[in-house]
Amino acid sequence: MDQSFPYLTILIALPLTGAIILLFLPRENPGLIRVVALVISLLEFAVSLPLWFLFRNDSGDMQFVEQAPWFPEWGISYLVGIDGISLLLILLTTLLTAICVLASWNDIKDRVKEYFVAFLVLETAMVGTLASLDLVLFYIFWELMLIPMYLLIGVWGGPRRIYAAIKFFLFTMFGSVLMLLAILALMNSYAAQYGVLSANLYDLYRYVPPLSLQYWLFGAFALAFVIKVPMFPFHTWLPDAHTEAPTAGSVILAGVLLKMGTYGFLRFAIPLFPEAALAFGWIISASALIGIIYGAIMCIMQTDMKRLIAYSSVSHLGFVMLGLFAFNTQGVEGSIYQMLNHGIVTGGLFLVVGMIYERRHTRMIADFGGLSKVMPVMAVFLMIITLASIGLPGTNGFIGEFLILLGAFKFNRLYGALAATGVVLGAVYMLWLYQRVMFGQIVHEVNSRLKDLTKREVLILSTVVLLIFLMGIYPKMFFRKMEVTVAQYLNFVSAKGQVASMSPSRLPVNMVIGK
Amino acid sequence: MMVMIPEFAFEWIIPEMIVMGCALLILLMEAFSGERDVRVHSRFLALAGSIAALYFTAAGWGHTAGIFNNLYLVDNYGTFFKALFLVISILICLGSQRYLERHAIVMGEYYALLLFGVLGMMVMVSSSSFITIFIGLELMSISIYVLCGLLRENHLSVESSFKYFLIGAFATAFLLYGMALLYAATGVLDLYELRDYLGSGDFFLTPTFMAGLAFLTVGLGFKTALVPFHMWTPDVYEGAPTPVTAYMATGVKAAAFAVLARMIFIPFDMQSALPYWQELFWLLAILTMIVGNITALVQDGVKRMLAYSSIAHAGYLLIAFTVGNIQALEAMLFYLLVYAFMNIGAFTLLMVLEKKNGSPLTCEDFSGLAKRNPFLALAMTVFLLSLTGIPPMAGFMGKLYLFGMAIRAEYYWLAVIGVLNSVLAAYYYLRIVMFMYFKDPLQEDRVISSAGPFAVIIIAVTVTIYLGIFPRTVVNLIAYAGFAPF
């Protein structure tokens, strides 16, 4: 698509510009800072909306592509563009950021200016990561996400925030520096064949690295993404980071940052090294299955609401990974859908917990009970979000989980059967959580004086609930955007994987790919 | 071998003469005029001299000449480093005035020695002759021995000076002995002649020759603070006045690396002639990175931590020697340039924060800096992230360049160990960020920086971010900064 209007560059630059503007506003006036931050995040959302309407559904190619030379000698350029997958994730990002700014309205009282600066820089980094089609550019945005998130957890987080922030940073950095080396090695290997360095994804997609190198490179990329997702056994930073982060930080972390890991597999690790991905797929799938069940069991045992939701993320992202590595249409489409769902539903859950925490200053499940009597509106919202998290038909969670299970069954029945137990366990821990918090008698006297939702909070949760139903009842609207992209992606992976696989004895060759 | 230029070749050494002239003038002024004049004028002279010298150095870019019977060499490699030293000198002169006043350091001596040190470095990097290199090295070292001890009342400073002098003298002896042994083995004192001799075919790796090389490496290993010759670094860096530490960590280190590179890259074809040199540097690189980073992890004093981190950075720089080709050398030059700016920025911040009583700064002193002065906290964050190698800071591009070279030469494990080290480094650098942003201030008063340090910090931040996003111009410029092709 010929687009003279540089939507993506504006999307990347706008929050950063906003952050710089915020730096120069007087810190004595937090109200002004909040309004400016909200205006910028809404503007950003408004700029991202045309992408949805102008996006051509019938093409699986990159659209809205912009390219500018940056460092030709090193083979790196400013190259951005989106396909059906990144389009949806970018819209999720801009929407969630706006919601988060609104959700932090009263939550953040200390150092308001720095908070919103960090948030907007984070938005630039997230959109940049999703839009980059140059590996080095991607890496730069990828690392840039770390700093604001580190500050968000460390400055505005809970009591163990410092530990959580450092753990978050070191875990993620550990994975990503090895990915950087893999990027360099890939570029180098490309240069050995074609004579020029290139970090351009178009060039690298066409290139099939030698098999032995592919395994190492896939390993390095996968490690970075697996930590970010996070998959079992690299998930230990997540409960800490989620629990300690401020509400909006948790929402963004769950909603967008974790998706960067799964998106990384989809955009980079699998299509760049399909042969290695097919060969190592069983490790990832096994780890995803362990994550699904282990995460769910951990959820049942949690006493802290936020920690519970954090472990539920481990479980839900296990589904996403399982779908991705089923290598069939249902699995991959379900995964992408589930990425969006998880962003909205888990984001919603964190928002609700944040609202409760703001009133009561505790997140312990044992401190609550019978809240539905004093907060009926909240109870309704939480009910809907909980049911979406479980995957009740009519909500978005159903569509995603159903497709993933279908894909997993087609791929391997055992995988499907094991994953299905995760769904059952999901219902156990979510409903039990709801029951303990909302029903029963009011045990603690303070809880009887809690106020129900304000208008601002109703607005925030209504957006979430609206999306839950929209995506649950009319999924076609979203699938239209990604169908062609996914089909093309699967064709590409299977074709490239077969080109690379010269030894037919290898495990994944007899597997049904693409259909 | 090369075209002789007539003896009257002073137009090639205008920058050196300016620096020397200003240094002598400051010394004379110190002796003959009042204290107030010295305070005002010595700084001005040092600054103006450095700027003028920088101008003439830049004008000499692109010229190549061997002068004074080939004892002195003007080439782009030398010009690049001379410009770097002068920039360092300008930044340090700008940033240190308040520090000197607060700690009652005699200004005349300080600025004169600073310039003499710069002169020594400039001489070091503009020669291919052992004799001239040695003279430059001594001039630099002696100036710095004295500079380290300028805080006369502070026993740490005196210890620093004394320690550096003793160990430095020892290292110099090694270096000189190495040169003597090489001369004994080959009969030449010039690196180009040495190259010709080695290439002539009637050359054998005699024990004398090998011992000479080993001594040379050890001598320069001391100056560049490579593990296991690094023991002096933390004490010397910690005790010296902070501007001098910044000067050592950037200028002296760059000069020593420049000379080391000349000594190794000119005479030896590293790929074929001496393959085990690469193995040696591989080992040194890894040792230096790991020891530097692990010891930095447990330091509480910030200056000490930066000292150990500077050892670790020397380890990254050794990657260039391990790879051993000209592209890797260019990566080293770029890294040294970037390192100079981010490190001077960080040390200038320490100067602003340091207490009058001279007790070493600890991480706790950074507590709540984000509240006491948000600008300084942000600047320090930029420097620390750059030192860690997080994009979009210049340190990232430097590491990308170096590690890219290692990968291209297929030193995969070296690169892997290198990047894992930068994760270790992230821990201790981020500790300071943590104190600045996550903790509450110990005192409520705002930290105020005077104009000089403020300007230095602004310049350093700008360069650090600019080179992180647009490294291309500088990298392409460095591609021309090769040795004289005689």
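Just so we're clear, the structure is a prediction, and the values are computed from it rather than from any experiment.

## Notes on the overall build of chain B
Piece 1. When helices and strands are tallied, chain B shows 19 helices and two strands.
Piece 2. With the C-alpha coordinates of chain B rotated into their principal frame, the extents come out at 75 × 55 × 40 Å.
Piece 3. Residues counted as buried form 61% of the 486 residues belonging to chain B.
Piece 4. Within chain B, contacts between residues separated by at least 24 positions form 80% of all contacts whose residues are at least 6 apart in sequence.

## A few points about the overall build of chain A
Piece 1. Secondary structure summary: chain A contains 20 helices and two strands in total.
Piece 2. For chain A, whose C-alpha radius of gyration is 22 Å, the value lies close to the compact-globule estimate of 24 Å for 515 residues.
Piece 3. C-alpha atoms of chain A, sized along the principal axes, occupy 70 × 55 × 40 Å.
Piece 4. Within chain A, buried positions represent 60% of all 515 residues.

## Side note on the pairing of strand E1 (residues 63-71) of chain A
All names here are of chain A.
Piece 1. Both E1 and strand E2 (residues 76-82) contribute to a ladder of six bridges, which runs antiparallel. Bridged to Gln67 within E2 is Leu79.
Piece 2. Between E1 and the antiparallel strand that follows it, E2, lie four residues; Gly75 among them carries a positive phi value of about 75°.

## A word on the interface of chain B and chain A
Piece 1. Listed per partner, the contact involves 22 residues of chain B and 22 residues of chain A.
Piece 2. When contributions to the side of chain B that touches chain A are tallied by element, the ones reaching two or more residues are helix H16 (394-408) and helix H17 (412-438) of chain B.
Piece 3. At 12 residues, H17(B) tops the list of elements feeding residues into the side of chain B that touches chain A.
Piece 4. Residue composition of the side of chain B that touches chain A, grouped by class: 18 nonpolar, two polar and two charged.

## Quick look at the confidence of the model for chain B
Piece 1. The predicted model of chain B has a mean per-residue pLDDT of 87, with 95% of residues at 70 or higher.
Piece 2. The ipTM, which scores confidence in the relative placement of chains, is 0.90 for this predicted complex, and the corresponding pTM is 0.91.

## Observations regarding unusual backbone geometry
The bulk of non-glycine residues show a negative phi, and the bulk of peptide bonds are trans.
Piece 1. Between A:Phe232 and the following residue, A:Pro233, the backbone shows a cis peptide bond with an omega angle of 5°.
Piece 2. Inspection of the secondary structure puts A:Pro233 in the loop between helix H9 (211-228) and helix H10 (237-244).
Piece 3. A cis amide bond, omega 5°, links B:Pro391 with the succeeding residue B:Pro392.
Piece 4. You can see B:Pro392 is positioned in the loop between helix H15 (374-388) and H16.
Piece 5. Positive phi outside glycine occurs at A:Phe64, with the angle close to 55°.
Piece 6. The exposure class of A:Phe64 is buried, given the 24 C-beta atoms found within 10 Å.
Piece 7. With phi around 50°, A:Arg111 is a residue other than glycine that occupies positive phi space.
Piece 8. With respect to the helices and strands, the residue A:Arg111 is situated in the loop between helix H3 (84-103) and helix H4 (112-131).

## Re helix H13 (residues 305-324) of chain A
An α-helix turns once every 3.6 residues. As a result, residues three or four positions apart point the same way.
Piece 1. Taking 1.5 Å as the rise per residue, H13(A) with 20 residues should run 28 Å; its terminal C-alpha atoms sit 29 Å apart, in good agreement.
Piece 2. Within H13(A), 20 of the 20 residues are buried, which leaves the element mostly enclosed by the surrounding structure.

## Regarding the packing of H3(A) against H4(A)
Helix packing geometry: the angle between the two helix axes and the distance between the axes.
All names here are of chain A.
Piece 1. Orientation of H3 relative to H4, taken along the N-to-C sense of each, is 175°, at an axis distance of 9 Å. Comparing the axis directions of H3 and H4 gives the class roughly antiparallel. Contacts from Ser86, Leu89, Ile90, Thr93, Thr97, Cys100 and Val101 in H3 reach Phe119, Glu123, Met126, Val127, Leu130 and Ala131 in H4.
Piece 2. Its residues placed into classes, the contact of H3 with H4 shows nine nonpolar, three polar and one charged.

## Description of the environment of B:Tyr72
All names here are of chain B.
Piece 1. Positionally, Tyr72 belongs in strand E2 (residues 72-74).
Piece 2. Judged by the 20 C-beta atoms lying within 10 Å of it, Tyr72 is buried.
Piece 3. Tyr72 sits 52 residues away from Met124 along the chain, and the two C-alpha atoms are 9.5 Å apart.
Piece 4. Excluding residues within four positions of it along the chain, Tyr72 makes contact with Ile67, Ser126, Ser127 and Thr132.

## Looking at the nonpolar core
Piece 1. Within the largest apolar cluster, 392 residues are counted, with the highest numbers of intra-cluster contacts made by A:Leu181, B:Ala255 and B:Ala320.
Piece 2. Contact partners of B:Ala320, with chain neighbours within four places excluded, come to B:Ala328, B:Leu329, B:Ala331, B:Met332, B:Leu402 and B:Met405.

## Some points on helix H18 (residues 451-469) of chain B
Residues and elements named next belong to chain B.
Piece 1. The end-to-end C-alpha separation of H18 is 27 Å, in line with the 27 Å expected for 19 residues at 1.5 Å each.
Piece 2. Buried residues of H18: Gly452, Pro453, Val456, Ile457, Ala460, Val461, Val463, Thr464, Leu467 and Gly468, and no others. Axial view of H18: buried residues confined to an arc of 165°, hence all on one face.
Piece 3. On its buried face, H18 sits against helix H3 (76-102), helix H13 (326-353), H15, H16 and helix H19 (472-478).

Calculation notes
Residues numbered from 1 in each chain as written. Chains lettered and ligands numbered in written order. Predicted model: local features only at pLDDT ≥ 70, side-chain atom pairs only at ≥ 80, totals over all residues. Helix = DSSP H or I, 4+ residues; strand = E, 2+ residues; numbered from the N terminus. Buried ≥ 20, exposed ≤ 12 C-beta atoms within 10 Å, placed from the backbone. Contact = placed C-beta atoms within 7 Å. Rg over C-alpha atoms; globule rule 2.2 N^0.38 Å. Pairing = 2+ DSSP bridges. Nonpolar A, V, L, I, M, F, W, Y, C, P; charged D, E, K, R; others polar. pLDDT = per-residue confidence, 0-100. Expected span 1.5 Å × (residues − 1). Axes fitted to C-alpha atoms, helices over the stretch in contact; angles between N-to-C directions. Parallel < 35°, antiparallel > 145°, perpendicular 65-115°, else oblique. Core = buried A, V, L, I, M, F, W, Y, C linked by C-beta atoms within 7 Å. Arc of directions from axis to C-beta.

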